[in-house]
Amino acid sequence: MKSQVPRSRSSCAACKALKRRCTANCLFAPYFRKDEPKKFAKVHKVFGASNISKILNEVSDEQREDTVNSLVYEAEVRLRDPIYGCIGAIASLEKKMVELEHDLMLARARLAFCVNQRTSFLNEHENMAPWIHDTPDSGMVEAFNQDLFSFNQFSHLPLL
């Protein structure tokens, strides 16, 4: 979508960088404003003005802003990582996702282990429940039982 801001007589960032006169129908002006010279410089360094112009002419007016944003992102990533570019960024995010899924699986396994241990303990000591509740310090015993089964208590144990 083209910017509806009225243009002044000064050149857009693209025309300034290319040292040419900015015309009223300049293809770059709506997308590379004069106050964003680095934006055009990055895209120009990676793709070249001629290729940018060809790309923008091939897409419809409605898609040009998204196209420019994509070119800017691709240029920034390519300048950061000249070998892999966007593919390197995608691979890095996929690796992080696999690591987080693994961490989630471990956390779920530990939680299941803790729940299972608590259930087993309560089932084994079910017959002691009346005796525990008859003592004067039953509140202290219940507090101890709650602390006994905290998540950190079993973090050193091997996973299932």
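Residues numbered from 1 in each chain as written. Predicted model: local features only at pLDDT ≥ 70, side-chain atom pairs only at ≥ 80, totals over all residues. Heavy atoms only, no water.

The protein goes by LOB domain-containing protein in an unreviewed UniProt entry, where it is assigned to Olea europaea subsp. europaea. Per UniProt, the protein has the following entry under Sequence similarities (unreviewed entry): "Belongs to the LOB domain-containing protein family." (UniProt positions renumbered as here; feature names shortened; annotations may be inferred.)

To continue, consider the overall build of the protein. Regarding its fold elements, the protein presents seven helices and zero strands. Helices and strands in the protein line up, N terminus first, as α-α-α-α-α-α-α. In the protein, which comprises 160 residues, the proportion classed as buried is 21%. Excluding contacts between residues fewer than 6 apart, the proportion of contacts in the protein whose partners are at least 24 apart in sequence is 51%. (Helix = DSSP H or I, 4+ residues; strand = E, 2+ residues; numbered from the N terminus. Buried < 20%, exposed > 50% of the residue type's maximum accessible area, 1.4 Å probe, protein only. Contact = heavy atoms within 4.5 Å.)

Close reading of the predicted structure is inappropriate where its pLDDT is low. Confidence in the prediction of the protein, expressed as mean pLDDT, is 80, and 72% of residues score 70 or more. Counted against residues more than four places away or in other chains, residues 132–138, with its pLDDT under 50, gives four contacts. (pLDDT = per-residue confidence, 0-100.)

What follows concerns the nonpolar core. Counting residues in each nonpolar core, the largest one holds 20 residues, and the members touching the most others are C12, C26, F28, F32, F40, V43 and I52. Mapped onto this core, the elements with two or more residues apiece are α1 (13–18), α2 (37–47), α3 (49–58) and α4 (64–80). Ranked by residues supplied to this core, first place goes to α4 with four residues. (Core = buried A, V, L, I, M, F, W, Y, C linked by side-chain atoms within 4.5 Å.)

Okay, unusual backbone geometry next. Here the phi dihedral of K19 falls at roughly 55°; this positive angle occurs in a residue that is not glycine. Mapped onto the elements, K19 comes out in the loop between α1 and α2.

Here we take up the environment of E36. Within the secondary structure, E36 sits in the loop between α1 and α2. By relative accessible area, which is 23% here, E36 ends up partly exposed. When the C-alpha positions of E36 and C12 are compared, they lie 8.7 Å apart, and in sequence the two are 24 residues distant. Setting aside anything within four residues of it in sequence, one finds E36 in contact with A13 and Y31.

This brings us to a nonpolar patch on the surface. A cluster of nonpolar side chains, contributed by I83, Y84, I87 and I90, occupies part of the molecular surface with about 460 Å² of accessible area. When its relative accessible area of 65% is taken as the criterion, I83 is described as exposed. (Patch = residues over 30% accessible without salt bridge, like charges linked within 9 Å, V, L, I, M, F, W, Y side chains within 5 Å. Areas by Shrake-Rupley, 256 points an atom, 1.4 Å probe, with all protein chains shown as cover. Salt bridge = Lys/Arg side-chain N within 4 Å of Asp/Glu carboxyl O.)

Our next topic: the environment of A29. Structurally, A29 can be placed in the loop between α1 and α2. Between the C-alpha atom of A29 and that of S11, which follows or precedes it by 18 residues, the distance is 7.9 Å.

Scanning all chains against the criterion turns up five salt bridges. Across the pair R33 and D35 runs a salt bridge whose closest N-O atoms are separated by 3.1 Å. Residue classification places R33 among the partly exposed positions, given a relative accessible area of 42%. Looking at D35, the relative accessible area reads 52%, which means it is exposed. A salt bridge links R64 to D61, with the nearest nitrogen and oxygen atoms 3.1 Å apart. Salt bridges linked by common partners bring R33, D35, E36 and K39 together as one network.

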